[in-house]
Amino acid sequence: DDVTNVNVNVNFAASAKALLHKLPTSLPKIPIPSSTTDDDNASTTHWDFTLKEMLWLSADFQSERKRQISHAKKLSNAIKQYHATLHSRKLRERAEFEARVRRLAGKLNRTVQRGDWKKIERVVG
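Residues numbered from 1 in each chain as written. Predicted model: local features only at pLDDT ≥ 70, side-chain atom pairs only at ≥ 80, totals over all residues. Heavy atoms only, no water.

S.K.: Which residues make up the overall build of the protein, and what values go with them?
M.R.: Helix and strand counts for the protein stand at two helices and zero strands. Buried positions account for 2% of the 125 residues belonging to the protein. With the model as given, the accessible surface of the protein reaches about 12400 Å², and the carbon-plus-sulfur share is 61%. (Helix = DSSP H or I, 4+ residues; strand = E, 2+ residues; numbered from the N terminus. Buried < 20%, exposed > 50% of the residue type's maximum accessible area, 1.4 Å probe, protein only. Areas by Shrake-Rupley, 256 points an atom, 1.4 Å probe, with all protein chains shown as cover.)

Following this line, the structure appears as structure tokens:
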């Protein structure tokens, strides 16, 4: 029984090899269906939908990339503007602080001269 199985397998292998030698070495070129046809009412194929989808996706990727680059430029310009004005903003805040300190010192000076010094002059004088 095993001998017949081996003979059948050998015969099958030999016939498979013979069939492989009969196959052509190069495959014929299959034409790709065109999306343009003479008949306007012709049914569209899957390939037509695929090509349309590829065109749409390509345009979508391009517009998305443009949008991202534009957004990145706007953001980088805003960051540059922020850092450019940061130094001048700090200088302005320091000047405003010094002006507040001077006004407060002036108020204290006027309070002391009008009130306390006059009392001291009365006591001394």
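S.K.: Quick one: what's the story with the pattern of salt bridges, residue by residue and with numbers?
M.R.: All chains considered together, the criterion is met by two salt bridges. A salt bridge links Glu 64 to Arg 67; the shortest N-O distance between them is 2.7 Å. Of the two residues, Glu 64 and Arg 67 both sit in helix α2 (residues 46-124), three residues apart, roughly one turn of that helix. With relative accessibility at 49%, the residue Arg 67 sits in the partly exposed group. Between Glu 98 and Arg 94 there is a salt bridge, and its shortest N-O distance comes to 3.5 Å. Residue Glu 98 and its partner Arg 94 are both found in helix α2; the two are separated by four residues, about one turn of the helix. Note on Glu 98: relative accessible area 33%, which makes it partly exposed. Judged by its relative accessible area of 57%, Arg 94 falls in the exposed class. (Salt bridge = Lys/Arg side-chain N within 4 Å of Asp/Glu carboxyl O.)

S.K.: So, a nonpolar patch on the surface: which residues are in play, and what are the values?
M.R.: Side chains of Val 112, Trp 117, Ile 120, Val 123 and Val 124 sit close together on the surface and give an oily, nonpolar patch of about 510 Å² of accessible area. Given a relative accessible area of 41%, Ile 120 falls into the partly exposed group. (Patch = residues over 30% accessible without salt bridge, like charges linked within 9 Å, V, L, I, M, F, W, Y side chains within 5 Å.)

S.K.: Can you tell me about α2, naming the residues and giving the values?
M.R.: The first and last C-alpha atoms of α2 sit 110 Å apart over 79 residues, in line with the 117 Å expected at 1.5 Å per residue. If you look at α2, its biggest bend is around 35 degrees, right at Gln 113. (Expected span 1.5 Å × (residues − 1). Bend = angle between axes of the 7 residues up to and from the residue.)

S.K.: Lay out a positive patch on the surface in plain terms, naming residues and giving numbers.
M.R.: A cluster of basic residues, Arg 100, Arg 103, Lys 107, Arg 110, Arg 114, Lys 118, Lys 119 and Arg 122, forms a positive patch on the protein surface. Within the secondary structure, Arg 103 sits in helix α2. With a relative accessible area of 52%, Arg 103 lands in the exposed category. (Lys, Arg positive; Asp, Glu negative; His and termini not counted. Charge placed at Lys NZ, Arg CZ, Asp CG, Glu CD.)

S.K.: Which residues make up the side chain of Asp 48, and what are the values?
M.R.: Looking at where Asp 48 falls in the secondary structure, it is placed in helix α2. Among buried charged residues, Asp 48 stands out as having no salt bridge; its nearest opposite-charge side chain is Lys 52, 6.9 Å away. Reaching out from Asp 48, the side chain makes a polar contact with the backbone nitrogen of Thr 45 at a distance of 3.0 Å. (Polar contact = N/O pair within 3.5 Å; in protein donor to acceptor, adjacent residues only side chain to side chain.)

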